[in-house]
Amino acid sequence: ELNLVSLKHLRFENILDNDNLEKVLRDEFKQPKYDEVRYLSSGRQILDWAPLNSPMKCKNTFKNIVSFGGAKGIGYSLLMGLENPEKTKLSVIGRSNPRDEKVVENLKTLHHRFAQFDYHQLDLADVKKAEKKLRKFFQKVKKVDLLINGVGMEVSAPFLGRKPEDISQELNSKLIPFT
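Residues numbered from 1 in each chain as written. Predicted model: local features only at pLDDT ≥ 70, side-chain atom pairs only at ≥ 80, totals over all residues. Heavy atoms only, no water.

Brief notes about the overall build of the protein chain
Along the backbone of the protein chain there are five helices and seven strands. Going from N to C terminus, the protein chain has its helices and strands arranged as β-α-β-β-β-α-β-α-β-α-β-α. Here the protein chain, with 179 residues, has 27% of them falling under the buried criterion. For the protein chain, long-range pairs separated by at least 24 residues make up 67% of all intrachain contacts whose partners lie at least 6 apart in sequence. Total accessible area on the protein chain is roughly 13300 Å²; 55% of this is exposed by carbon and sulfur atoms. (Helix = DSSP H or I, 4+ residues; strand = E, 2+ residues; numbered from the N terminus. Buried < 20%, exposed > 50% of the residue type's maximum accessible area, 1.4 Å probe, protein only. Contact = heavy atoms within 4.5 Å. Areas by Shrake-Rupley, 256 points an atom, 1.4 Å probe, with all protein chains shown as cover.)

Concerning the packing of aromatic side chains
A full pass over the atoms with the stated rule returns two aromatic pairs. Residues Phe 68 and Phe 138 carry aromatic rings whose centres are separated by 6.5 Å and whose planes lie at 40° to one another, so their mutual orientation is tilted. You can see Phe 68 sitting in strand S4 (residues 64–68) and its partner Phe 138 sitting in helix H4 (residues 127–140), a full 70 residues away along the chain. Exposure remark for Phe 68: the relative accessible area of 0% places this residue in the buried category. Accessibility expressed as a relative area gives 31% for Phe 138, which makes it partly exposed. An aromatic cluster of at least three residues, connected via ring pairs, comprises Phe 68, Phe 137 and Phe 138. (Phe/Tyr/Trp six-rings, centres within 6.5 Å; stacked < 30°, edge-to-face > 60°.)

Re unusual backbone geometry
Even without glycine at this site, Asn 84 takes up a positive phi of about 50°. Take Asn 84: it is sitting in the loop between helix H2 (73–80) and strand S5 (89–94).

So, the side chain of Ser 96
Along the chain, Ser 96 falls in the loop between S5 and helix H3 (101–113). Accessibility expressed as a relative area gives 16% for Ser 96, which makes it buried. Ignoring any residue separated from it by four or fewer positions in sequence, one finds Ser 96 in contact with Ala 71, Lys 72, Val 103, Tyr 119 and Gln 121.

What to know about the nonpolar core
Ranked by internal contacts, the top residues of the largest apolar core, which has 14 residues, are Leu 79, Leu 90, Val 92, Leu 107, Leu 110, Phe 117 and Tyr 119. If you list the elements that add at least two residues to this core, you get H2, S5, H3 and strand S6 (116–121). With three residues, the single largest contributor to this core is H3. Once residues within four sequence positions are removed from consideration, Val 92 is found in contact with Ser 67, Gly 69, Gly 70, Ala 71, Leu 79, Leu 110, Phe 117, Asp 118, Tyr 119 and His 120. Grouped together as the second largest cluster of nonpolar side chains are eight residues, Val 66, Ile 93, Leu 134 and Phe 137 included. (Core = buried A, V, L, I, M, F, W, Y, C linked by side-chain atoms within 4.5 Å.)

Some points on the sheet that holds S5
Strand pairing within a sheet occurs via backbone hydrogen bonds; the two strands may be parallel or antiparallel. In space, the four strands of this open sheet follow the order S6-S5-S4-S7, with parallel pairing throughout. Every other strand in the sheet has two partners, leaving S6 and strand S7 (146–149) as the edge strands with one partner each. Each neighbouring strand pair of the sheet contributes to a mean axis angle of 15°, computed without reference to strand direction. Pairing between S4 and S5: five bridges, direction parallel. Residue pairing across strands places Ser 67 opposite Val 92, the latter belonging to S5. Its contacts with the sheet place H3 against S5 and S6, and it is angled at close to 150° to S6. (Pairing = 2+ DSSP bridges. Axes fitted to C-alpha atoms, helices over the stretch in contact; angles between N-to-C directions.)

Things to note about the sheet that holds strand S2 (residues 36–40)
The sheet built from three strands is open, its strands ordered S1-S2-S3 with mixed pairing. The outermost strands of the open sheet, each flanked by one partner alone, are strand S1 (9–12) and strand S3 (43–46). Across the sheet, the axes of successive neighbouring strands diverge by a mean angle of 20°, strand direction being ignored. Judged from the four bridges that link them, S2 and S3 form a sheet pairing that is antiparallel. Bridge pairing in S3 places Leu 40 opposite Gly 43. On top of the sheet, helix H1 (residues 18–29) reaches S1, S2 and S3; it is set at about 145° to S1, its chief contact.

The following block contains the structure:
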């Protein structure tokens, strides 16, 4: 939204006096490449992103997992990263159309990977309908060992140009799993 503004997150282990702080800030402006910097007693540290050599796997000791989102995107990636899925019952609740080509493919993969699998289409942006359906769903589920919130609805527009109902829908889709 503001093309000429850059943000930098600087963290200091110790409080600096004005002269030293001014010197550090000048030096940081000369190095705009790094936006996350720590100053510890051992010196300046930067965050360095590097690709993983192999996909990360997450130890899975859960018997019942409920995932809000998971038919595609980051939720799907998280579910695919779980080890021992053949011992787990997975329920995915999402708004993705189960007839969408990519969703069909992903749901088939999840169905074959997990001991039990079901998909429930539900748009969390509609709060009243969602709450009612979620109450019914969780009354049937005896126990949830892991709840994943991987929903993501985003209105691609500058924040100041968004309508209040757009903001409300975006927030509701992310927060309703916790109500």
